[in-house]
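Residues per chain are reported as follows:
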Amino acid sequence: KYDILSPPVFTGLDNFVKMFHDETFFKSIGVTFYFALVSVPLRLVFALLVAMLLLKNSKMSGFYRAAYYLPSIGGSVAVSILWKRMFATDGVLNRLLGVIGIETNFAWLGDTRTAIWVLILLAVWQFGSSMLIFLSALKQISRELYEAAEVDGANGIQKFFRITLPLLTPTIFFNLVMQMINGFLAFTQSYIITQGKPMNSTLFYTVYMYQQSFEFYNTGYGAALAWVMLAIIGTITLILFATKKFWVYEEG
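Okay, so let's go over this structure. (Residues numbered from 1 in each chain as written. Predicted model: local features only at pLDDT ≥ 70, side-chain atom pairs only at ≥ 80, totals over all residues. Heavy atoms only, no water.)

**Points about the overall build of the chain**
Item 1. What the chain contains, in helices and strands, is twelve helices and zero strands.
Item 2. In the chain, the order of α-helices and β-strands from amino to carboxyl end is α-α-α-α-α-α-α-α-α-α-α-α.
Item 3. Overall size of the chain, expressed as C-alpha extent along the three principal axes, is 75 × 55 × 30 Å.
Item 4. Split into buried and exposed, the 252 residues of the chain put 42% on the buried side. (Helix = DSSP H or I, 4+ residues; strand = E, 2+ residues; numbered from the N terminus. Buried < 20%, exposed > 50% of the residue type's maximum accessible area, 1.4 Å probe, protein only.)

Put into structure tokens, the structure is as follows:
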């Protein structure tokens, strides 16, 4: 038991036992799993698509790469504030809908059905770091493989699934592990944009951990929550490494 102001008192496993009776604890875990398991695959798909589009060099390639990477700089507070204003009832999205004849003041951040998707869209939009890693990996694939496939009559789809995708699996694995960890540790989006509202539908685990530690001054409980998250991330990482041999191509 620890509240920052008083000396800590050892209470054994009381904090961990408390979790089993804490509905908000289970709610935050569910929200975090949903966010990570939806946003990470979508982010990787978009990152790969954009990387393939930017593979061809042009005079504007450098500008496009920088422009696509810019939103991914950290968990930017500025980006989160921008996103919050865009999806406000008087924000850009509702105004754009009004321009095309759909008059609405829909509260995207105030509805339990849409609030989490606003955060997911932000996470997907911040695909810049994964895109640059994919772009680097794509450039390492030998052109001779594609030329040989063309001689054998392979079309673009066949070349992608038989050459590009298998040779990218090590990079996909790396991005998957890193982005999955980042997904479970996401904080800024929820804390800045929704504060976990409405009805805890966007309450990320890290935000709940922060609230317990520094808003409710249950710092001992917050520390116990941190250990649980460490165990969850460690378990998921171990599972990913255990399945690596079934789908990741390692030359030789």
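Picking up where we left off.
**Brief notes about helix H5 (residues 92–99)**
Item 1. Looking at H5, one finds that the buried residues are Asn 94, Leu 97 and Gly 98. Down the axis, H5 shows its buried residues gathered within 105° of arc, on one side only. Turned more than 90 degrees away from the buried face of H5 sit Arg 95, Leu 96 and Val 99, all of them exposed.
Item 2. The positive-phi residue at the C-terminal boundary of H5 is Gly 101, with phi of around 95°. (Arc of directions from axis to C-beta.)

**As for empty space enclosed by the protein**
Picture a little ball the size of a water molecule; that probe, rolled over the atoms, points out where space is still empty.
Item 1. Scanning all chains against the criterion turns up one cavity of 30 Å³ or more.
Item 2. Here the largest cavity is characterised by a volume of approximately 30 Å³.
Item 3. Forming the boundary of the largest cavity are Met 180, Ile 181, Phe 184, Ile 233, Ile 236, Thr 237 and Leu 240.
Item 4. Elements that contribute at least two residues to the lining of the largest cavity include exactly helix H9 (156–184) and helix H12 (219–247).
Item 5. Ranked by residue count, the leading element in the lining of the largest cavity is H12, at four residues.
Item 6. Of the residues contributing to the lining of the largest cavity, the split by class is six nonpolar, one polar and no charged. (1 Å grid on protein atoms, 1.4 Å probe; cavity = no way out; pocket = protein on both sides within 12 Å on 5 of 7 lines; lining within 4 Å. Points joined across faces, edges and corners; volume = space filled by probe spheres on them. Nonpolar A, V, L, I, M, F, W, Y, C, P; charged D, E, K, R; others polar.)

**Remarks on a nonpolar patch on the surface**
Item 1. A cluster of nonpolar side chains, namely Tyr 2, Ile 4, Leu 5, Phe 214 and Tyr 217, defines an oily patch on the protein surface of about 530 Å² accessible area.
Item 2. As for its position among the elements, Ile 4 is in the segment before helix H1 (14–19). (Patch = residues over 30% accessible without salt bridge, like charges linked within 9 Å, V, L, I, M, F, W, Y side chains within 5 Å. Areas by Shrake-Rupley, 256 points an atom, 1.4 Å probe, with all protein chains shown as cover. Salt bridge = Lys/Arg side-chain N within 4 Å of Asp/Glu carboxyl O.)

**Describing the packing of aromatic side chains**
Item 1. In total, this model carries 15 aromatic pairs according to the counting rule given.
Item 2. Residues Phe 35 and Phe 204 carry aromatic rings whose centres are separated by 4.5 Å and whose planes lie at 45° to one another, so their mutual orientation is tilted. In this pair, Phe 35 sits in helix H2 (residues 23–53) while Phe 204 sits in the loop between helix H10 (188–194) and helix H11 (205–215), placing the two residues 169 residues apart along the sequence.
Item 3. Under the relative-accessibility criterion, Phe 35 is labelled buried at 2%.
Item 4. For Phe 204, a relative accessible area of 1% gives the class buried.
Item 5. Each ring, one from Tyr 210 and one from Phe 214, has its centre 5.4 Å from the other, and the planes form 50°; the classification is tilted. In this pair, Tyr 210 and Phe 214 both sit in helix H11, four residues apart, roughly one turn of the helix.
Item 6. Among the aromatic residues, ring-to-ring pairing joins Phe 187, Tyr 191, Tyr 210 and Phe 214 into one connected group.
Item 7. One residue, Lys 18, lies across the ring of Tyr 221, its end atom 4.3 Å from the ring centre. (Phe/Tyr/Trp six-rings, centres within 6.5 Å; stacked < 30°, edge-to-face > 60°. Lys NZ or Arg CZ within 6 Å of the ring centre and 35° of its normal.)

**Considering the environment of Ala 66**
Item 1. By the secondary structure assignment, Ala 66 is in helix H3 (residues 61–69).
Item 2. Among the residues examined, Ala 66 registers a relative accessible area of 47% and is labelled partly exposed.
Item 3. Linking Ala 66 and Ala 123, residues 57 residues apart in sequence, is a C-alpha distance of 18 Å.

**Overview of the nonpolar core**
Note on soluble globular proteins: their nonpolar side chains tend to be buried together.
Item 1. Phe 25, Phe 35, Phe 184, Phe 204, Tyr 205 and Leu 225 are the most contacted members of the largest nonpolar core, which has 61 residues in total.
Item 2. Residue assignment for this core shows that the elements contributing at least two residues are H2, helix H4 (77–86), helix H6 (115–125), helix H7 (128–140), helix H8 (143–151), H9, H11 and H12.
Item 3. The dominant element in this core, judged by the number of residues it contributes, is H2, at twelve residues.
Item 4. Aside from chain neighbours lying at most four places away, what touches Phe 35 is Val 40, Ile 116, Leu 119, Ile 120, Ala 123, Gly 183, Ala 186, Gln 189 and Phe 204. (Core = buried A, V, L, I, M, F, W, Y, C linked by side-chain atoms within 4.5 Å. Contact = heavy atoms within 4.5 Å.)

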